[in-house]
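Residues per chain are reported as follows:
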Amino acid sequence: MARTPHIIDAQRAHITSLYVVIVALVCLCFFAMVGWKSVPRYQRLHIPPDLRSGAVVRPGEIHAANVYQYVNATLRALYRWEDNGEIDYGKRIKELEYRFTQEYKEQLIDELNSKQTRGELRNRSRYVLERPGFEVYRPEYVVSYEDDSWLVWLDLEIVERTGRVEAKRTTVRYPLRVVRLNISPEKNAWGLAIDGYQTGLEPRTLSNEELEQGIEISN
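Attention in this report is confined to the structure presented alongside it. (Residues numbered from 1 in each chain as written. Predicted model: local features only at pLDDT ≥ 70, side-chain atom pairs only at ≥ 80, totals over all residues. Heavy atoms only, no water.)

For the rest of this paragraph, the subject is the overall build of the protein chain. A count of helical and extended segments in the protein chain gives five helices and six strands. Of the regular secondary structure in the protein chain, the N- to C-terminal order runs α-α-α-α-β-β-β-β-β-β-α. Residue burial in the protein chain is summarised as follows: out of 219 residues, 33% are buried. Sequence-distant contacts in the protein chain: of pairs separated by 6 or more residues, those separated by 24 or more amount to 62%. Element-wise, carbon and sulfur atoms account for 55% of the exposed surface of the protein chain, whose accessible area totals about 14000 Å². (Helix = DSSP H or I, 4+ residues; strand = E, 2+ residues; numbered from the N terminus. Buried < 20%, exposed > 50% of the residue type's maximum accessible area, 1.4 Å probe, protein only. Contact = heavy atoms within 4.5 Å. Areas by Shrake-Rupley, 256 points an atom, 1.4 Å probe, with all protein chains shown as cover.)

So this is what it looks like as C-alpha cells:
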C-alpha cells in the first residue's frame, strides 16, 4: 500500500505532461492556421517559352519573352474585327479591359470615338499578323527596366477589308510600355498591363524599302 501514493503522483504528473503537450499542439495548430491564412491564395509562375536548356522559375519573376508574348497576344486580339470595326473594336476593348491600365483604356476609347466620328470603322473587318520573320521572340524586342516595367517593340502586319475588297495592308511598329498589374488572376492571369506607348515614341508605318531591307529593331 505504501507504493500507492507514488503511483498516483506519477499518474498525475503524466496527465499534467499530456495537458502541456495538448496545449502546445493547439498553439502550434493555431499559428499554422494563421500562417496558412496569410499565404497568398495564388502564385503566378511565368514559364519561359523556350525550355530546351531548362529554366529556374521563381514566383513573381517575369521573363522578357513572356512579356513579349503577352503584348503580341493582346494586340492581335484587340485588332481582330470579324465583321464591323464600328461594333467589334468597342467589344474588344471591353473584353480585354483588364489587360490595360486605366489611362491606356481611356486612350483606346478616345481613339474608338474619333474613328467612329470620321466613319473609319464602318463595315471594316481587320486582322493582324506578326511581321514575316518576326514570329519568334528575340531579346532585342524587349527592354527591361528596374521599376518592373518593359518596353516592347512589336511589328504587326495589318489587313483591313471593306466587304470582300482589301482596303489596307500595312506593317506598323508599336513601341508599347508594359507594367505589372496587381489584380485578381481571374481577371488577368498574367499580372501585366499595357500602359500605352513609351514616352517619346509613337507607332509608325514601315516603308516598303524598310521591309525589303529587313530593318531590325533598334533600341
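Now for the pattern of salt bridges. Counted under the stated rule, the structure contains 19 salt bridges. In this structure, E97 engages K105 in a salt bridge whose closest nitrogen and oxygen atoms are separated by 2.5 Å. Comparing E97 with K105 shows no difference in burial state: the two are buried. Notably, a salt bridge pairs R169 with E157, separated by 3.0 Å at the nearest N-O pair. Residue R169 is located in strand β4 (residues 165-180), and its partner E157 is located in strand β3 (residues 149-162); the two are separated by 12 residues in the primary sequence. Each of R124, R126, E160 and K168 takes part in one network of salt bridges that share partners. (Salt bridge = Lys/Arg side-chain N within 4 Å of Asp/Glu carboxyl O.)

In this structure, D88 sits in helix α3 (residues 85-95). Although D88 is buried, it forms no salt bridge, and the closest oppositely charged side chain is K91 at an N-O distance of 4.8 Å. Of the polar contacts made by the side chain of D88, one reaches the backbone nitrogen of E82; its length is 3.0 Å. At a separation of 2.8 Å, a polar atom in the side chain of D88 contacts the main-chain amide nitrogen of D83. (Lys, Arg positive; Asp, Glu negative; His and termini not counted. Polar contact = N/O pair within 3.5 Å; in protein donor to acceptor, adjacent residues only side chain to side chain.)

Bringing the layout of surface pockets into the picture now. Take a probe with the size of a water molecule and roll it over the atoms, and the empty space left behind shows itself. In this structure, the largest pocket spans a volume of roughly 200 Å³. E111, K115, R126, I158 and Y174 are the residues nearest the centre of the largest pocket, which is lined by 13 residues in total. Elements with a contribution of two residues or more to the lining of the largest pocket: α4 (102-117) and β4. Broken down by element, the lining of the largest pocket gets its largest block of residues, four residues, from β4. Of the residues belonging to the lining of the largest pocket, the class tally is eight nonpolar, one polar and four charged. (1 Å grid on protein atoms, 1.4 Å probe; cavity = no way out; pocket = protein on both sides within 12 Å on 5 of 7 lines; lining within 4 Å. Points joined across faces, edges and corners; volume = space filled by probe spheres on them. Nonpolar A, V, L, I, M, F, W, Y, C, P; charged D, E, K, R; others polar.)

This part covers the packing of α3 against α4. One can describe the packing of α3 onto α4 by two numbers: an axis separation of 11 Å at closest approach and a directional angle of 175°. As the angle between them shows, α3 and α4 are arranged roughly antiparallel. Between α3 and α4, the contacting residues are E86, Y89, G90 and I93 on the first element and K105, L108, I109, E111, L112 and Q116 on the second. Across the contact of α3 with α4, the residue classes tally to five nonpolar, two polar and three charged. (Axes fitted to C-alpha atoms, helices over the stretch in contact; angles between N-to-C directions. Parallel < 35°, antiparallel > 145°, perpendicular 65-115°, else oblique.)

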